[in-house]
Amino acid sequence: MGEEKEAGLRFRDQKIMELLQKIKMCAGGFEQRIRPLLLDEKGTYSEDKTRALIDGIMEGIGEISEWIPEFEPELCRQYRSLLYCAVRAVTTPYTFYRENGAYDAFSPEKVTFAELLEELRSEEEEMDISSGIGLVTRKIGYPLYQTMSEIYHVLTEKEIPEEADLRWKMIQTEEQKKLEKEFYDSLMDDAEDEEEALGDEDGRKEDYEEYLREYEKYQQEQEDLRRRQEEQRKRLKESFEFAGEYCGRYEEIFRYPEKNYQPLRFNRHMEMLLGIYLQKQGYSVGNGEEDYFTALVYLKKAYRVMRRQESEE
């Protein structure tokens, strides 16, 4: 099989698997938006509704623990706090102003349980061994980690605790560390060679003056971004309700960080807890008889098509 054909097959298989995952999330009710569940009759944020949501999700432990006895009290406390902070983070309007511009981590009005579940995913990944990186463990998604931590930092004006390393953790062997050092040393050597090849003194002076003009413009842009970031932080601090509750729960998350983020176990727990809640609330396709049978007919038809194609090959 040629490389081009093999790449095409992998692409098509990937698209099928992505669609199946979307169907799974939709069937389970994960496309339900979160923010409407946190608002009162006037359309304003309700702490009571937020706590009711978290309580409803955590009730699933009662069902799971009958056949998965893993939910010791400290794990339950940590999950409750993590879910509370995660829900508040993904539904809070906030713009980040960084060196490369402005962006919103989430769209609070549109974020769904599927997106929340994806952000709560823990994973391990083998990085490029040629540069010595090694094994990287991510406890939760970076956008969620970034937003949760930024809210805490703005509300408390404290630096993020060292133990609050939910973003990633690197594990390296001595050989990988050696490879990484050699890799970066080679980059520095290349940079020195490029500097020697810059050309005559007049040309370098002109380049330097151009650099100063561009750097001054860059500094002005960065100062504007910093000003806008401070304005955003001020708005958040003034508008964020129940700040003490959020900060207390944020700190609770990191009291037992390591052993509770075993990727396979953690991911299974989050999907089951959210899935049980959505099913009980009537958001899954199975709760509507007509929708259920319509979906079932189309899925069975798709299955027959794939089976027929497989038998023909």
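These numbers come from a predicted model, not from an experiment.

On to the overall build of the protein chain, then. In terms of regular secondary structure, the protein chain is built from 11 helices and five strands. Going through the 313 residues of the protein chain one by one, you find that 35% of them count as buried. When the accessible area of the protein chain is evaluated, it comes to approximately 20,300 Å², of which 50% is carbon and sulfur surface.

We now examine the confidence of the model for the protein chain. Averaged over the protein chain, the pLDDT score is 81; the fraction of residues at 70 or greater is 78%. At the level of individual helices and strands, the protein chain shows its lowest average pLDDT in strand β5 (residues 169–171), which scores 61, and its highest in helix α2 (residues 47–58), which scores 97.

Turning to helix α4 (residues 73–90), a few remarks are in order. Taking 1.5 Å of rise per residue, 18 residues should cover 26 Å, and α4 covers 26 Å from first to last C-alpha, within 8% of that figure. Within α4, 15 of the 18 residues are buried, which leaves the element mostly enclosed by the surrounding structure.

Bringing the pairing of strand β2 (residues 101–104) into the picture now. For strand β1 (residues 95–98) and β2, the ladder comprises four bridges, and the chain directions are antiparallel. Residue pairing in the sheet places Arg98 in a bridge with Gly101 of β2. Hairpin connection of β1 to β2: two residues between the antiparallel strands.

Moving on, we get to the packing of α4 against helix α9 (residues 243–253). Helix-helix packing is characterised by the crossing angle of the two axes and by the distance between the axes. Two numbers describe how α4 lies on α9: the axes approach to 8 Å, and their chain directions differ by 130°. Regarding the angle of α4 to α9, the classification is oblique. Between α4 and α9 lies a crossing of left-handed hand. Across the interface between the two elements, Arg77, Gln78, Arg80, Ser81, Leu82, Tyr84, Cys85 and Arg88 from α4 touch Glu245, Tyr246, Arg249, Tyr250, Glu252 and Ile253 from α9.

It is worth spelling out the nonpolar core at this point. Of all hydrophobic cores here, the largest spans 57 residues; its most connected members are Leu53, Phe113, Leu116, Leu144, Met148 and Tyr246. Put simply, the parts of the chain that give this core at least two residues each are α2, α3 (60–64), α4, α5 (113–119), α6 (142–156), α9 and α10 (263–280). The dominant element in this core, judged by the number of residues it contributes, is α4, at 11 residues. Aside from chain neighbours lying at most four places away, what touches Met148 is Leu82, Cys85, Ala86, Ala89, Ile140, Tyr246, Tyr250 and Ile253.

Time to look at α10. Here α10 spans 26 Å end to end across 18 residues, near enough to the 26 Å set by a 1.5 Å rise per residue. Here α10 lies mainly inside the structure; 13 of its 18 residues are buried. Positioned one or two residues after α10, Gly282 has a phi angle of 85°, which is positive.

Thresholds applied
Residues numbered from 1 in each chain as written. Predicted model: local features only at pLDDT ≥ 70, side-chain atom pairs only at ≥ 80, totals over all residues. Heavy atoms only, no water. Helix = DSSP H or I, 4+ residues; strand = E, 2+ residues; numbered from the N terminus. Buried < 20%, exposed > 50% of the residue type's maximum accessible area, 1.4 Å probe, protein only. Areas by Shrake-Rupley, 256 points an atom, 1.4 Å probe, with all protein chains shown as cover. pLDDT = per-residue confidence, 0-100. Expected span 1.5 Å × (residues − 1). Pairing = 2+ DSSP bridges. Axes fitted to C-alpha atoms, helices over the stretch in contact; angles between N-to-C directions. Parallel < 35°, antiparallel > 145°, perpendicular 65-115°, else oblique. Left-handed = near helix turned anticlockwise from the far one by under 90°. Contact = heavy atoms within 4.5 Å. Core = buried A, V, L, I, M, F, W, Y, C linked by side-chain atoms within 4.5 Å.

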